[in-house]
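Residue strings, one per chain:
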There are 2 protein chains.
Amino acid sequence: MSSHGIVLFGHGARDPRWAEPFERLAARLRVAGSPAAHVSLAFLELMTPSLGDAVAAQVAAGCTRITVVPVFFGQGGHVRRDLPQLVDACRAAHPGIEIRCATAVGEDDGVLDAVARYCIGQIGGDA
Amino acid sequence: MSSHGIVLFGHGARDPRWAEPFERLAARLRVAGSPAAHVSLAFLELMTPSLGDAVAAQVAAGCTRITVVPVFFGQGGHVRRDLPQLVDACRAAHPGIEIRCATAVGEDDGVLDAVARYCIGQIGGDA
């Protein structure tokens, strides 16, 4: 059976607290019974590890299938242009490993519904 | 009865398609029966309108209470430092209008749960 890893890919920021929601998200995915054997964070800039380093670590840990999930609301240049190049470089560095790239989380209806509920709660609509 | 507005505040990007999830989110909040009489987008940079322009438009439209929701995953310098200054400037420009600022949507457990479900679905865990 193949070992599946998830890499949560975010922009990165100078403020280390910026990564806290990403760490909480990773913790949710590391629960017992999770289909993801490994869950890592990776950042485009200003924070480490890079996508290449995170993928290399998962391959070294035995992952044979890796899914990169862009934790971005919008699919702008970072997701449409920078990320595919980074993923291609990872594939070239690790032939034989299946590396997939998901669409940005902000494109998902379930995520947008949850954000909408949060907004309504903030104005007292259902809080 | 006061008229309540929501301003969805995002970073902005050069690629106009970046704003699409924000527009879909705004559409969800503009449904009939929504407690928000007005829903606007505003951007920190690279896109318009600015927060100041979006708030001024809601005040001109009759909003007396405005809630700014940062549509960011992480609370880095943009949310912790830049946004409070922008909100303070809006309050100074519109005395008598109640302008609140929510915490970033990525801090919400319901939003993180939805993102986690999306990630699991991407690796076939419950898709």
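Residues numbered from 1 in each chain as written. Chains lettered and ligands numbered in written order. Predicted model: local features only at pLDDT ≥ 70, side-chain atom pairs only at ≥ 80, totals over all residues. Heavy atoms only, no water.

### Details of the pairing of strand β3 (residues 65–70) of chain B
Residue and element names in this part refer to chain B.
Move 1: Within β3, five of the six residues are buried, which leaves it mostly tucked inside the rest of the structure.
Move 2: As paired strands, strand β1 (residues 4–10) and β3 are joined by six bridges and run parallel to one another. Residue pairing for β3: phenylalanine 9 is matched across the bridge by proline 70.
Move 3: Pairing of β3 with strand β4 (residues 98–101) involves four bridges; the strand directions are parallel. Each bridged residue has a counterpart across the sheet, and for threonine 67 the counterpart in β4 is arginine 100.
Move 4: Handedness of the β3-helix α3 (residues 77–93)-β4 crossover: right-handed. (Buried < 20%, exposed > 50% of the residue type's maximum accessible area, 1.4 Å probe, protein only. Helix = DSSP H or I, 4+ residues; strand = E, 2+ residues; numbered from the N terminus. Pairing = 2+ DSSP bridges. Right-handed = clockwise from strand over helix to strand, strands pointing away.)

### Some thoughts on the confidence of the model for chain A
A low pLDDT means the predicted coordinates there should not be read in detail.
Move 1: Looking at chain A, the pLDDT average stands at 92 and 96% of residues meet or exceed 70.
Move 2: Both scores are given for the predicted complex: the pTM is 0.92, the ipTM 0.93. (pLDDT = per-residue confidence, 0-100.)

### Digging into the side chain of glutamine 58 of chain A
Move 1: Relative to the assigned elements, glutamine 58 of chain A resides in helix α2 (residues 51–60).
Move 2: Those residues within four positions of glutamine 58 of chain A in sequence are excluded, and the remaining contacts are Gly5, Ile6, Val7, His38, Val39, Ser40, Cys63 and Ile66 of chain A. (Contact = heavy atoms within 4.5 Å.)

### Topic: the relation of the copies chain B and chain A
Move 1: In the superposition of chain B on chain A (RMSD 0.0 Å, axial shift 0.0 Å), the rotation amounts to 180°. Here the symmetry operator amounts to a two-fold rotation axis.
Move 2: Same-surface contact between copies: 100% of interface residues of chain B are shared with the interface of chain A. (Least-squares fit on C-alpha atoms with pLDDT ≥ 70 in both.)

### Details of the interface of chain B and chain A
Move 1: Counting residues at the interface gives 48 residues for chain B and 48 residues for chain A.
Move 2: Together, the buried faces of chain B and chain A total about 4,100 Å²; carbon and sulfur atoms form 67% of this surface.
Move 3: Considering only the side of chain B, the residues that lose the most area to chain A are Phe73, Tyr118 and Ile123 of chain B, jointly responsible for 18% of the buried surface there.
Move 4: In this structure, aspartate 109 of chain B engages arginine 24 of chain A in a salt bridge whose closest nitrogen and oxygen atoms are separated by 2.8 Å.
Move 5: Where chain B touches chain A, the interface holds twelve residue pairs in polar contact (both at pLDDT 80 or more).
Move 6: Of all the secondary-structure elements, those providing two or more residues to the side of chain B that touches chain A are β1, α1 (20–29), β3, α3 and α4 (109–122) of chain B.
Move 7: Tallying contributions element by element places α4 of chain B first for the side of chain B that touches chain A, with twelve residues.
Move 8: For the side of chain B that touches chain A, the class distribution of residues is 25 nonpolar, twelve polar and eleven charged. (Buried area = accessible area lost by both parts, 1.4 Å probe. Salt bridge = Lys/Arg side-chain N within 4 Å of Asp/Glu carboxyl O. Polar contact = N/O pair within 3.5 Å; in protein donor to acceptor, adjacent residues only side chain to side chain. Nonpolar A, V, L, I, M, F, W, Y, C, P; charged D, E, K, R; others polar.)

### Describing the pattern of salt bridges
Here the idea is simple: oppositely charged side chains can pair when their charged atoms come close.
Move 1: Following the criterion strictly, the structure yields 18 salt bridges over all chains and no others.
Move 2: In this structure, glutamate 98 of chain A and arginine 65 of chain A form a salt bridge, with 3.6 Å as the shortest nitrogen-oxygen distance. Of this pair, glutamate 98 of chain A sits in strand β4 (residues 98–101) while arginine 65 of chain A sits in strand β3 (residues 65–70), and the two are 33 residues apart along the sequence.
Move 3: The class for glutamate 98 of chain A is partly exposed, based on a relative accessible area of 39%.
Move 4: Since its relative accessible area comes to 30%, arginine 65 of chain A is described here as partly exposed.
Move 5: The shortest N-O distance in the salt bridge between arginine 28 of chain B and aspartate 109 of chain A comes to 3.0 Å.

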